[in-house]
Amino acid sequence: MAVQLTLKDFAKPPRGAAAVWQARVPVATPFGDFVVELGSAPDAELLAVANELAAFVSANFGDVFEVVFTDFQRACEDRQWMRGCDVPLRLAYDRVPEFVRDRTISVRRERSGSVSGVIFLVPEWNVEHGIELFLRDGQLVRSDD
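The paragraphs below set out a description of the structure included in this document. Note that this is a predicted model, so its numbers are computed, not measured. (Residues numbered from 1 in each chain as written. Predicted model: local features only at pLDDT ≥ 70, side-chain atom pairs only at ≥ 80, totals over all residues. Heavy atoms only, no water.)

## With respect to the packing of aromatic side chains
Cut-off, in case you're wondering: Stacked, tilted and edge-to-face are the three classes assigned to paired rings of Phe, Tyr and Trp, where Trp is represented by its six-membered ring and a pair needs centres within 6.5 Å; plane angles under 30 degrees give stacked, over 60 edge-to-face, the rest tilted. Only DSSP runs of H or I reaching four residues or more are called helices, and only runs of E reaching two or more are called strands; each is numbered from the N terminus. Between buried and exposed lies partly exposed: a residue is buried under 20% and exposed over 50% of the maximum accessible area for its type, with that area taken using a 1.4 Å probe on protein chains only. A ring is considered to have a charge above it if a Lys NZ or an Arg CZ atom is located within 6 Å of its centre and within 35 degrees of its normal.
One pass over the full model with this rule turns up 6 aromatic pairs. With 6.0 Å between their ring centres and 35 degrees between their planes, Phe69 and Phe72 make a pair best called tilted. Of this pair, Phe69 and Phe72 both sit in helix 2 (residues 61-75), separated by 3 residues, roughly a single helical turn. The exposure class of Phe69 is buried, given its relative accessible area of 13%. Take Phe72: its relative accessible area is 2%, and that puts it in the buried class. A connected cluster of aromatic rings, assembled from ring pairs, spans Phe31, Phe34, Phe65, Phe69, Phe72, Tyr93 and Trp125. Over the ring of Phe31 we find Arg103, and its NZ or CZ is 5.0 Å from the ring centre.

What follows is the structure, encoded as structure tokens:
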């Protein structure tokens, strides 16, 4: 079943809080739950991008997992770093998601008026920068590729 977020699915931010509209229910996947955030009040364009990304992570969570696992393997090359992050070096493939603390789909309107969306993950070995993923022509692309 495809994810279809509507205006009613988002909670207005509390007064005085950052103007982030958050979906009341995260997008559940076998890789973990993804929180959906909009940088301003929901409109058709923001919802369309949010739904595109939510549908992608629902149907292609394995692709997201592969990017995270590859990042984990690369991070393991620095044993000292991983020790400092309290992340085991020899994690079984299926245990890597346990070490991803945040999974977010974030959509916002740029100053130019265009709408952009990102899949943002924060693994324990990369809490400062995280992993940003974009969809380009239906393909997952890292922001640093």
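## What to know about the packing of helix 1 (residues 44-59) against helix 2
Between two packed helices, both the angle of their axes relative to each other and the distance between the axes serve to describe the pair. Definition in use: Comment: axis = line fitted to C-alpha atoms, over the contacting stretch for helices; angle = value between 0 and 180 degrees taken between N-to-C directions. Throughout, the term roughly parallel applies to angles under 35 degrees, roughly antiparallel to angles over 145, roughly perpendicular to angles from 65 to 115, and oblique to all others. Contacts between residues were defined by any pair of non-hydrogen atoms, one from each residue, lying within 4.5 Å. Gly is placed with the polar residues, together with every amino acid not listed as nonpolar (Ala, Val, Leu, Ile, Met, Phe, Trp, Tyr, Cys and Pro) or charged (Asp, Glu, Lys and Arg).
Running from N to C, helix 1 and helix 2 cross one another at 80 degrees; their axes reach a closest spacing of 4 Å. Classified by the angle their axes make, helix 1 and helix 2 are roughly perpendicular. For the pair helix 1 and helix 2, contact is made by Phe56, Val57, Ser58 and Ala59 and by Phe61, Asp63 and Val64, respectively. In terms of residue class, the contact of helix 1 with helix 2 is built from 5 nonpolar, 1 polar and 1 charged.

## What to know about the pattern of salt bridges
Short version of the rule: Just to be clear on terms, a salt bridge is a Lys or Arg side-chain nitrogen sitting within 4 Å of an Asp or Glu carboxyl oxygen.
Scanning the entire structure with this criterion turns up 7 salt bridges. With its nearest N and O atoms 3.5 Å apart, the salt bridge here joins Arg74 to Asp71. Remark: Asp71 and Arg74 occur in helix 2; sequence separation between them is 3 residues, near one turn of the helix. Where Glu98 meets Arg95, a salt bridge forms, and the shortest distance between an N and an O atom there is 3.2 Å. Judged by its relative accessible area of 52%, Glu98 is exposed. In the salt-bridge network here, residues are joined through shared partners; they are Asp43, Glu45 and Arg109.

## Remarks on the environment of Phe61
Inspection of the secondary structure assignment puts Phe61 in helix 2. Residue class for Phe61 comes out partly exposed when judged on its relative accessible area of 29%. On a C-alpha basis, the gap between Phe61 and Pro30 in space is 7.3 Å, while along the polypeptide they are 31 residues apart. In this view, Phe61 contacts Thr29, Pro30, Phe31 and Phe56; residues no more than four positions away in its chain are not counted.

## Quick look at the state of the cysteines
For clarity, the cut-off: Pairs of cysteine sulfur atoms within 2.5 Å are identified as disulfides in what follows.
One pass over the structure, following the stated rule, counts 0 disulfides. Counting only cysteine sulfurs, Cys85 is the nearest neighbor of Cys76, a cysteine outside any disulfide, at a range of 10 Å.

## Comments concerning the sheet that holds strand 7 (residues 139-142)
For the record, the criterion: When DSSP finds at least two bridges between two strands, those strands are taken to pair.
Across the sheet, 7 strands lie side by side as 1-2-3-4-5-6-7; this open sheet has mixed pairing. Looking at strand neighbours, the two that pair on one side only are strand 1 (10-11) and strand 7, the edges of this open sheet. As defined by bridge partners, strand 4 (residues 100-109) adjoins strand 5 (residues 115-123) across 9 bridges and the pair is classed as antiparallel. Directly across from Val100, in strand 5, lies its bridge partner Pro123. Packed onto the sheet, helix 2 meets strand 4, strand 5, strand 6 (131-136) and strand 7 and runs at close to 25 degrees relative to strand 7.

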